[in-house]
Amino acid sequence: MTDDSSRRTPLYSAHVELGARMVPFAGWEMPVQYAGILEEARAVRSGAGIFDISHMGRVRVSGPGAEAFLDYLTPNDIRGLAPGCAHYSLLTNNHGGIIDDIIVYRVSSHEFYLVINAGNAEKDLAWLRANHGKDVVLADETTSTAMIALQGPAAVQMLSSLAATDVWSSSRFTFGTTRLGDLEVLYCRTGYTGEDGFELVMSADAALEVWGKLLAAGAVPCGLGARDALRIEAGYPLYGHEIGEDTNPVEAGLMWVVKLDKGDFVGRSSILEVVESGPSRRLVGLRLSERIVPRQGYNLFSGAEVVGTVTSGVFSPVRGVGLGMAYLQPPFHRKGSLVDVDVRGRRHQAIVVPKKDLISD
């Protein structure tokens, strides 16, 4: 069932033609699956899959004050980001909470491109507009463009076979432009699956043709269900699950994108306080030894004591067991700790593992 008020991406007709199951997501009508979540996720792990991610916000930030503006609003080091490179970052509030997690592309000395979460797009834009000065120009390019993720071990070879220029030698978190036939495409060596690949941005008018070229090259169409399974297996956070305005980068394990020594930025003093005092909980990975799936909101126990809460969970297409992420209070967050997941009144044991090792041995 879909919501009549939901927006549609430029690829909507392609999803319907492929028989996708469409669902409302973050104000958009999006494909949750085509052939099936497990089949699609396994295709990405073994070959190459494509995802319509046009629902994500795309904002161009330019002007002589763009660098200083973004360096103050985000905790990562904007000044150290070279043109042609991108990095993962956050928008933080005055209390150190996470407004959103974003990708920042540096186009030139005075121009940047942001990719933001669909569900936060209006909030993020309002925050950016409320804080920018006259020397910064914001342009929302979400509806005039489309975005496709090509992910999997075969993704680089696949795009290389279609692209007019060398994309093979690009490094992680670098980007450039190429042509697929007559179509200009921005490519970035990024993704949200734990696999190699690219995220591609093109004009809205070119989206169907780019999608068709990737399908013809052998890419498997994948929906939101597979994307969620893959990002959980990779230990990647999702806004509204692992992170939000009531979470900080310390407890979320995101201090690798927070540069406390770069100078002042929004929320710095609050984040520093948590660093100095220590967080009251930590985000960890959970692995069960059975097919039970830990769901968001399930309590975690040590004996009779509630010691944490599940934030995300999935049946792992790779390991064939339940995996998840959770916030646990010390000392239960330590690697190798055993906790019990309460699933509808029954306890199931899980072991704490680093998020990056959820599907590795």
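Residues numbered from 1 in each chain as written. Predicted model: local features only at pLDDT ≥ 70, side-chain atom pairs only at ≥ 80, totals over all residues. Heavy atoms only, no water.

The next subject is the overall build of the protein chain. Helices and strands together make up the secondary structure of the protein chain, namely 8 helices and 20 strands. Radius of gyration (C-alpha) of the protein chain: 21 Å, near the 21 Å computed for a compact globule of 361 residues. A burial count over the protein chain gives 56% of its 361 residues as buried. Residue pairs at least 24 apart in sequence account for 65% of intrachain contacts in the protein chain once pairs closer than 6 positions are excluded. Of the roughly 15100 Å² that the protein chain leaves accessible, carbon and sulfur atoms contribute 50%. (Helix = DSSP H or I, 4+ residues; strand = E, 2+ residues; numbered from the N terminus. Rg over C-alpha atoms; globule rule 2.2 N^0.38 Å. Buried < 20%, exposed > 50% of the residue type's maximum accessible area, 1.4 Å probe, protein only. Contact = heavy atoms within 4.5 Å. Areas by Shrake-Rupley, 256 points an atom, 1.4 Å probe, with all protein chains shown as cover.)

The subject of this paragraph is the environment of S169. Along the chain, the position of S169 falls in the loop between helix 5 (155-162) and strand 11 (175-180). Among the residues examined, S169 registers a relative accessible area of 54% and is labelled exposed. Taking the C-alpha atoms as reference, S169 lies 34 Å from L125; in sequence the two are 44 residues apart. Side-chain polar atoms of S169 contact the side chain of D166, separated by 2.3 Å. (Polar contact = N/O pair within 3.5 Å; in protein donor to acceptor, adjacent residues only side chain to side chain.)

Across the 6 residues of strand 8 (residues 111-116), 5 count as buried, placing the element largely inside the fold. Here strand 5 (residues 57-62) pairs with strand 8 via 6 bridges, running antiparallel. Across the sheet, residue G57 finds its bridge partner in strand 8, namely I116. Between the end of strand 7 (residues 98-108) and the start of strand 8, which pair antiparallel, lie 2 residues. (Pairing = 2+ DSSP bridges.)

As enumerated under the stated definition, the model contains 16 salt bridges in all. Residue D71 pairs with R79 through a salt bridge whose shortest N-O separation is 3.2 Å. A relative accessible area of 5% means that D71 is categorised as buried. One network of salt bridges, in which partners are shared, links E67, D71, R79, R106 and K262. (Salt bridge = Lys/Arg side-chain N within 4 Å of Asp/Glu carboxyl O.)

As a further point, take the sheet that holds strand 10 (residues 145-151). On the basis of which strands lie adjacent, the open sheet formed by 6 strands has the order 11-12-13-10-4-14 and mixed pairing. Because the sheet does not close on itself, it has two edges, and the strands there are strand 11 and strand 14 (220-222). Across this sheet, the average inter-strand angle for adjacent strands is 30°, counted without regard to direction. Judged from the 4 bridges that link them, strand 4 (residues 49-52) and strand 10 form a sheet pairing that is antiparallel. Looking across to strand 10, one finds that G49 is bridged to Q151. Docked against the sheet, helix 2 (residues 37-46) engages strand 4, strand 10 and strand 14, running at close to 125° with respect to strand 14. Strand contacts of helix 5: strand 10, strand 11, strand 12 (183-188) and strand 13 (197-203), with the helix running at about 40° to strand 13, the strand carrying the most contacts. (Axes fitted to C-alpha atoms, helices over the stretch in contact; angles between N-to-C directions.)

Inspection of every chain in the model, using the stated rule, returns 5 aromatic pairs. Judged by centre distance (5.2 Å) and plane angle (75°), the ring pair of Y105 and F175 falls under edge-to-face. Remark: F175 occurs in strand 11 and Y105 occurs in strand 7; sequence separation between them is 70 residues. One exposure class covers both Y105 and F175, and it is buried. Among the aromatic residues, those joined into a ring-pair cluster are Y105, Y113 and F175. Sitting over the face of the ring of Y12, R8 holds its NZ or CZ atom 4.0 Å from the ring centroid. Looking at R347, its charged tip hangs above the ring of F301, at a distance of 3.8 Å from the centre. (Phe/Tyr/Trp six-rings, centres within 6.5 Å; stacked < 30°, edge-to-face > 60°. Lys NZ or Arg CZ within 6 Å of the ring centre and 35° of its normal.)

Here the domain parsing of the protein chain yields domain 1 (12-54 + 143-233), domain 2 (57-139) and domain 3 (280-357). The interface is formed by 8 residues belonging to domain 1 together with 11 residues belonging to domain 3. Between domain 1 and domain 3 lies a buried interface of about 810 Å² when both sides are counted; carbon and sulfur atoms form 68% of it. On the domain 1 side of the interface with domain 3, the three residues burying the most area are L38, I232 and E233, jointly 62% of the side's total. Along the contact surface separating domain 1 from domain 3 lie 0 salt bridges. Taken together, the connections running from domain 1 to domain 3 amount to 4 residue pairs in polar contact (both at pLDDT 80 or more). Those elements giving two or more residues to the side of domain 1 that touches domain 3 turn out to be helix 2 and helix 7 (224-234). Residue classes in the side of domain 1 that touches domain 3 are distributed as 4 nonpolar, no polar and 4 charged. (Domains from an automatic or database assignment. Buried area = accessible area lost by both parts, 1.4 Å probe. Nonpolar A, V, L, I, M, F, W, Y, C, P; charged D, E, K, R; others polar.)

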